[in-house]
Amino acid sequence: MFSFLRSGGLLMIPIGFCAVAVTFIVFERFFYFFNMKKKQQNFLSRLSSYIAAHRFEDALQLCDSVGTPASRVVHKALECRNMPEAHIKAAVSAEIELVIPDLEHLLTPLGTIANISTLLGLLGTVTGNIQAFGVLGAGGSMGNPAVLAGAIAEALVTTASGLAVSIPAVIFHNYFVSRVNRRIGEIEALSTSVVLQLCGRPPVGV
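Predicted model only: the values in this text are computed from it and were never measured. (Residues numbered from 1 in each chain as written. Predicted model: local features only at pLDDT ≥ 70, side-chain atom pairs only at ≥ 80, totals over all residues. Heavy atoms only, no water.)

Novice: So what exactly am I meant to see when it comes to helix α5 (residues 69–79) here?
Specialist: Residues separated by three or four positions in an α-helix point in the same direction, a consequence of the helix having 3.6 residues per turn. Counting buried positions along α5 yields eight of 11 residues, so the element is predominantly enclosed. Residues Pro69, Ala70, Ser71, Val73, Val74, His75, Ala77 and Leu78 constitute the buried set of α5. (Buried < 20%, exposed > 50% of the residue type's maximum accessible area, 1.4 Å probe, protein only. Helix = DSSP H or I, 4+ residues; strand = E, 2+ residues; numbered from the N terminus.)

Here's what the structure looks like:
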């Protein structure tokens, strides 16, 4: 395995770093969303009961203890509960914009790595082919078979390695983007329900 990777040349080093970065980001994001789901167990039912009973301090403490993007948005709505409805909605919208970067954390680097690893593989293909043609040009019709095989191996190994990193990175990037979009929709629905409840109107289902 080591000899296979070594045959890819120096470009295998940045491709290897890309592979490590993708692995770290994927595990970090899975842990983040799993931990967020775990923290929010029973959050909605407890929150609704606190607001219905006008136990706003308990609701604020609950939001602080949960510490998720959704609870932060609800916390802002509760802090502004004595303001006009339009002001509450504006404050909630601003808070949603502030929590979105937490949901999207590391997704931009993941997408960037997906593109870079593909380009690194393509670069390896080009450099390997340049070496192969150089061997052919310097050694007549066939050149040195060992050197020629090494150049071709570098081209193929870097291409395969770049794609092996890029394809999972693209898949996981799209997956996490879809999860972020779902969470944003859930937060918007929850915040709307809370605002309606604070304004004395029936909350919508979330």
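Novice: What am I meant to see in the side chain of His75 here?
Specialist: Mapped onto the elements, His75 comes out in helix α5. Ignoring sequence-local partners within four residues, the contact set of His75 consists of Leu60, Cys63 and Asp64. (Contact = heavy atoms within 4.5 Å.)

Novice: Sorry if this is basic, but what is going on with the nonpolar core here?
Specialist: Nonpolar side chains tend to gather and get buried jointly when the protein is soluble and globular. Residues Leu47, Leu78, Leu103 and Val194 are the most contacted members of the largest nonpolar core, which totals 50 residues. Counting residues per element, the ones that place at least two in this core are α2 (12–39), α3 (43–52), α4 (56–66), α5, α6 (85–103), α7 (107–138) and α8 (145–198). When residues in this core are grouped by element, the largest group, 11 residues, is from α8. Excluding residues that lie within four positions of it along the chain, Leu103 makes contacts with Arg29, Tyr32, Phe33, Met36, Pro69, Val180, Arg183, Ile184 and Ile187. (Core = buried A, V, L, I, M, F, W, Y, C linked by side-chain atoms within 4.5 Å.)

Novice: Which parts of the structure should I look at to understand the packing of aromatic side chains?
Specialist: How two aromatic rings sit relative to each other is set out by the distance from centre to centre and by the angle between their planes. In the structure shown here, the tally under the stated rule is seven aromatic pairs. When the centroid spacing of 6.1 Å and the interplanar angle of 10 degrees are considered together, the rings of Phe33 and Phe176 count as stacked. Of the two residues, Phe33 is situated in helix α2 and Phe176 in helix α8; the sequence distance between them amounts to 143 residues. For Phe176, a relative accessible area of 0% puts it in the buried group. Joined through ring pairs, the aromatic side chains of Phe30, Tyr32, Phe33, Phe172, Tyr175 and Phe176 make up one cluster. (Phe/Tyr/Trp six-rings, centres within 6.5 Å; stacked < 30°, edge-to-face > 60°.)

Novice: Even after reading the chapter, I still don't get the environment of Gly162, so can you show me in this structure?
Specialist: If you trace the backbone, Gly162 turns up in helix α8. For Gly162, a relative accessible area of 0% gives the class buried. Along the primary structure Gly162 and Ser117 are separated by 45 residues, whereas in three dimensions their C-alpha atoms are 4.8 Å apart. Aside from chain neighbours lying at most four places away, what touches Gly162 is Ile15, Ser117, Thr118 and Gly121.

Novice: So what exactly am I meant to see when it comes to α2 here?
Specialist: In a regular helix each residue adds 1.5 Å, so 28 residues correspond to 40 Å; α2 covers 40 Å between its end C-alpha atoms and thus fits that length. Among all positions of α2, only Met12, Ile15, Cys18, Val22, Ile25, Val26, Arg29, Tyr32, Phe33 and Met36 are buried. (Expected span 1.5 Å × (residues − 1).)

Novice: What's the story with the environment of Leu110 in this structure? I'm lost.
Specialist: The residue Leu110 is located in helix α7 in this model. Between the C-alpha atoms of Leu110 and Phe172, which are 62 residues apart in sequence, the distance is 8.4 Å.

Novice: I keep staring at the layout of surface pockets and nothing clicks. Help me out?
Specialist: In this approach, a probe sized like a water molecule rolls over the atoms, and the result shows the empty space that is left. If you add up the space inside the largest pocket, you get close to 270 Å³. Lining the largest pocket are 14 residues, and of these Gln40, Leu44, Ala70, Arg183 and Glu186 sit closest to its centre. Put simply, the parts of the chain that give the lining of the largest pocket at least two residues each are α2, α3, α5 and α8. Looking at the lining of the largest pocket, its residues break down into nine nonpolar, one polar and four charged. (1 Å grid on protein atoms, 1.4 Å probe; cavity = no way out; pocket = protein on both sides within 12 Å on 5 of 7 lines; lining within 4 Å. Points joined across faces, edges and corners; volume = space filled by probe spheres on them. Nonpolar A, V, L, I, M, F, W, Y, C, P; charged D, E, K, R; others polar.)

Novice: What is the right way to look at the packing of α5 against α6 in this model?
Specialist: When two helices pack together, you describe them by how their axes are tilted relative to each other and by the distance separating the axes. Interhelical geometry of α5 versus α6 gives an angle of 160 degrees and a closest axis separation of 9 Å. The angle between the axes of α5 and α6 places the two elements in the roughly antiparallel class. Where α5 crosses over α6, the two elements pack in a sense that is right-handed. In this structure, α5 uses Pro69, Arg72, Val73, Lys76 and Ala77 to contact α6, whose residues at the interface are Ile88, Ala91, Val92, Glu95, Ile96, Leu98, Val99, Asp102 and Leu103. (Axes fitted to C-alpha atoms, helices over the stretch in contact; angles between N-to-C directions. Parallel < 35°, antiparallel > 145°, perpendicular 65-115°, else oblique. Left-handed = near helix turned anticlockwise from the far one by under 90°.)

Novice: It is not clear to me how the pattern of salt bridges should be interpreted in this structure. Could you clarify?
Specialist: Any two side chains of opposite charge can pair, on the condition that their charged atoms come close. Summed over all chains, the structure comprises eight salt bridges. Linking Asp58 and Arg55 is a salt bridge whose minimum nitrogen-to-oxygen distance equals 2.8 Å. A relative accessible area of 39% places Arg55 in the partly exposed class. With its nearest N and O atoms 4.0 Å apart, the salt bridge here joins Arg81 to Glu57. A residue pair is termed long-range when its members are at least 10 positions apart, and Arg81 in the loop between α5 and α6 and Glu57 in helix α4 qualify at 24 residues. Since its relative accessible area comes to 23%, Arg81 is described here as partly exposed. For Glu57, a relative accessible area of 48% gives the class partly exposed. Three or more residues are tied together by salt bridges with common partners; here these are Arg72, Glu95 and Asp102. (Salt bridge = Lys/Arg side-chain N within 4 Å of Asp/Glu carboxyl O.)

Bear in mind that shape data such as this cannot, by itself, settle questions of function.
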